[in-house]
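If you want the building blocks of each chain, they are given just below.
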Amino acid sequence: MLIRLARETDYASVVELYAEFGGVVPGISGEEGLAQWRTLLAHPGTSVIVAVDESKKATVAEQESDQTCAPICSIVTLHVLPNMTYLGRPYALIENVITSQRYRGQGLGRQVMERAIDMAWQAGAYKIMLLTGKGRKDGGAKGFYESLGFSDEDKYGMTLRKLPARK
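The text that follows walks through the structure, step by step, so that each part is easy to find. Every chain's residues receive numbers from 1 upward, in the order its sequence appears when written. pLDDT decides what is reported in this predicted model: residues at 70 or higher carry local features, side-chain atom pairs at 80 or more are listed and counted, and totals for whole chains, interfaces and linings draw on all residues regardless. Side-chain figures throughout are based on the complete set of non-hydrogen atoms in the structure, without hydrogens or water.

## Looking at the packing of aromatic side chains
In summary, the pairing rule links any two rings of Phe, Tyr or Trp, Trp by its six-membered ring, whose centres are within 6.5 Å, and it sorts them by plane angle into stacked for under 30 degrees, edge-to-face for over 60 and tilted for everything else. Applying the stated rule across the entire model yields three aromatic pairs. Each ring, one from Tyr86 and one from Tyr126, has its centre 3.8 Å from the other, and the planes form 15°; the classification is stacked. Placement of Tyr86 in the loop between strand S3 (72-81) and strand S4 (91-99) and of Tyr126 in the loop between helix H4 (108-122) and strand S5 (128-130) is noted, with a sequence separation of 40 residues between them. Accessible area is worked out with a 1.4 Å probe on protein chains only. A residue is then buried under 20% of its type maximum, exposed over 50%, and partly exposed in between. Residue Tyr126 is classed as partly exposed on the basis of its relative accessible area of 21%. By way of ring pairs, the aromatic residues Phe144, Tyr145 and Phe150 are connected into one cluster. Helix and strand assignments follow DSSP, with helices taken as H or I runs no shorter than four residues and strands as E runs no shorter than two, numbered in order from the N terminus.

In structure tokens, the structure reads:
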């Protein structure tokens, strides 16, 4: 597996992975999705880190259409944001952490998260924030994030939504 920054040509594989995450929340695809993907990749302070299964070779059609040569099996989006407190050090936000069902249990989520964490610290962030769902009876990914050093002891994670949460 290769851990790297996402590329525009990863779009088709990323859309498939986001569809696994979607639940009742509609995804975005087609030309509109590609335009949004380009916007995300170009956004200052934003990085999308992916795990790529290099053992899966591209089909001839994929090679001819300049699509990615291998499926994206895990992904995380990191936003490093400017700040006025903590001597002007930025803070980071992690969002949309997804590992494909068929690749779970291989440590890929940990690898993309560790890369995102390293990138945030290298950017001078004084903290990294994320939210995780409460819906699953087993606590969902909370234990996973705690194993990476995240804690819910000093802050409340709160949201104000215009659209419903994933189910």
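## Some thoughts on the side chain of Asp53
Along the chain, Asp53 turns up in the loop between strand S2 (46-52) and helix H3 (60-64). A distance of 2.5 Å separates the side chain of Asp53 from the side chain of Ser55, its partner in a polar contact. Polar contacts, as counted here, are pairs of nitrogen or oxygen atoms within 3.5 Å of one another; within protein the pair requires one atom able to donate a hydrogen and one able to accept it, and residues that are adjacent in sequence qualify only if both atoms are side-chain atoms.

## Quick word on helix H1 (residues 11-21)
Within an α-helix, residues lying three or four positions from one another point in the same direction, as the helix has 3.6 residues per turn. For H1, the complete set of buried residues consists of Tyr11, Ser13, Val14 and Leu17. Summarising the axial view, the buried residues of H1 lie within an arc of 155°, below the 170-degree limit, and thus occupy one face. Across H1 from its buried face, at more than 90 degrees, point the exposed residues Glu16 and Ala19. Of the surrounding secondary structure, the elements contacted by the buried residues of H1 are helix H2 (30-42), S3 and S4. It is the directions from the helix axis to the C-beta atoms that the arc portrays. Here a residue-residue contact requires only that any non-hydrogen atoms of the pair lie within 4.5 Å.

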